[in-house]
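# Architecture and fold: a report
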Amino acid sequence: FGIAPRGDNKFTYRFSEVLSAGTIPVVHADNWVWPFRPELIDWNECAVSLPEIDGGKVAMAVLDGMGRAEKCRRRQRCYEIYKRYIKTTRGTVAGLIDGLELVAQGKHAPMGGVQCGEGDPRYNNKRR
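Residues numbered from 1 in each chain as written. Predicted model: local features only at pLDDT ≥ 70, side-chain atom pairs only at ≥ 80, totals over all residues. Heavy atoms only, no water.

## Details of the confidence of the model for the protein
Low pLDDT marks regions whose predicted coordinates should not be analysed in detail. On average, residues of the protein score 85 in pLDDT, and 87% of them are at 70 or above. Segment residues 122-128 is flagged for pLDDT under 50; beyond a separation of four residues in sequence, or across chains, it makes ten contacts in the model. (pLDDT = per-residue confidence, 0-100. Contact = heavy atoms within 4.5 Å.)

Below is the structure:
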């Protein structure tokens, strides 16, 4: 696993660094902006996304609860995504174009990630 903390924006270069290291990204961020269209990449097959409030013990429980087969499957999917769309500028541009082509063909997928406080009363109580 590799931690990909968000920076000043809703995305960070650390995410691509974690992928390049061959690890499963663990993203602690609310309203995170995933690279590429969700019609192209389902990041739930690769990364672990947790609300910012769920650091520490909650995050460790999620990671510890992941079986060996799931870890292997996620790492392999992350590596495929990295190799195809992130490793080179050409791949990144291809990913942008491929995603837009899927939308033009009428395919639509919900944006992934953790929305700030989505269905979690703990978040609303601590952040207001």
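Now that the structure has been shown, we can carry on.
## Quick word on the state of the cysteines
Throughout the structure, instances matching the rule amount to one disulfide. Between Cys46 and Cys78 runs a disulfide, and the two sulfur atoms are separated by 1.8 Å. Note on the Cys46 and Cys78 pair: the S-S dihedral is about 105°, so by sign convention the disulfide is right-handed. Here Cys46 is found in the loop between strand S2 (25-28) and strand S3 (48-50), whereas its partner Cys78 is found in helix H3 (residues 68-86), with 32 residues between them in sequence. (Disulfide = S-S within 2.5 Å. Helix = DSSP H or I, 4+ residues; strand = E, 2+ residues; numbered from the N terminus.)

## Details of the sheet that holds strand S1 (residues 2-3)
Hydrogen bonds along the backbone pair up the strands of a sheet, which may run parallel or antiparallel. Spatially, S1-S2-S3 is the arrangement adopted by the three strands of the open sheet, whose pairing is parallel. Pairing within the sheet leaves two strands with one partner each, and these edge strands are S1 and S3. Direction of pairing for S2 relative to S3: parallel, over a ladder of three bridges. The residue of S3 that forms the bridge with His28 is Leu50. Relative to the sheet, helix H1 (residues 13-20) contacts S1 and S2, its axis offset from that of S2 by approximately 160°. (Pairing = 2+ DSSP bridges. Axes fitted to C-alpha atoms, helices over the stretch in contact; angles between N-to-C directions.)

## Some remarks on the packing of aromatic side chains
On inspection of all chains with the given rule, the structure shows six aromatic pairs. Arranged with centres 6.0 Å apart and planes meeting at 70°, the rings of Trp32 and Trp34 form a pair that is edge-to-face. The residues Trp32 and Trp34 share a single accessibility class, namely buried. Clustering of aromatic rings is evident, with ring pairs tying together Phe15, Trp32, Trp34 and Trp43. (Phe/Tyr/Trp six-rings, centres within 6.5 Å; stacked < 30°, edge-to-face > 60°. Buried < 20%, exposed > 50% of the residue type's maximum accessible area, 1.4 Å probe, protein only.)

## Comments concerning the pairing of S2
Residues in a regular strand project their side chains so that they alternate between the two faces of the sheet. Burial along S2 is two-sided: Pro25 and Val27 facing one way and Val26 and His28 facing the other are all buried. Sheet topology note: the S1/S2 ladder contains two bridges and is parallel. From the neighbouring strand, Ile3 faces S2, where its bridge partner is Val26. In this fold, the crossover linking S1 to S2 by way of H1 has right-handed handedness. (Right-handed = clockwise from strand over helix to strand, strands pointing away.)

## With respect to the pattern of salt bridges
According to the stated counting rule, one finds four salt bridges in the structure shown. A salt bridge links Arg37 to Glu39; the shortest N-O distance between them is 2.9 Å. Note on Arg37: relative accessible area 30%, which makes it partly exposed. Classification of Glu39 by relative accessible area gives buried; the value is 15%. For Arg77, the salt bridge goes to Glu80, with nearest N and O atoms at 3.5 Å. One end of the pair, Arg77, and the other, Glu80, are both in helix H3, three residues apart, so they sit about a helical turn from each other. On the basis of relative accessible area, Glu80 is assigned to the partly exposed category, the value being 36%. (Salt bridge = Lys/Arg side-chain N within 4 Å of Asp/Glu carboxyl O.)

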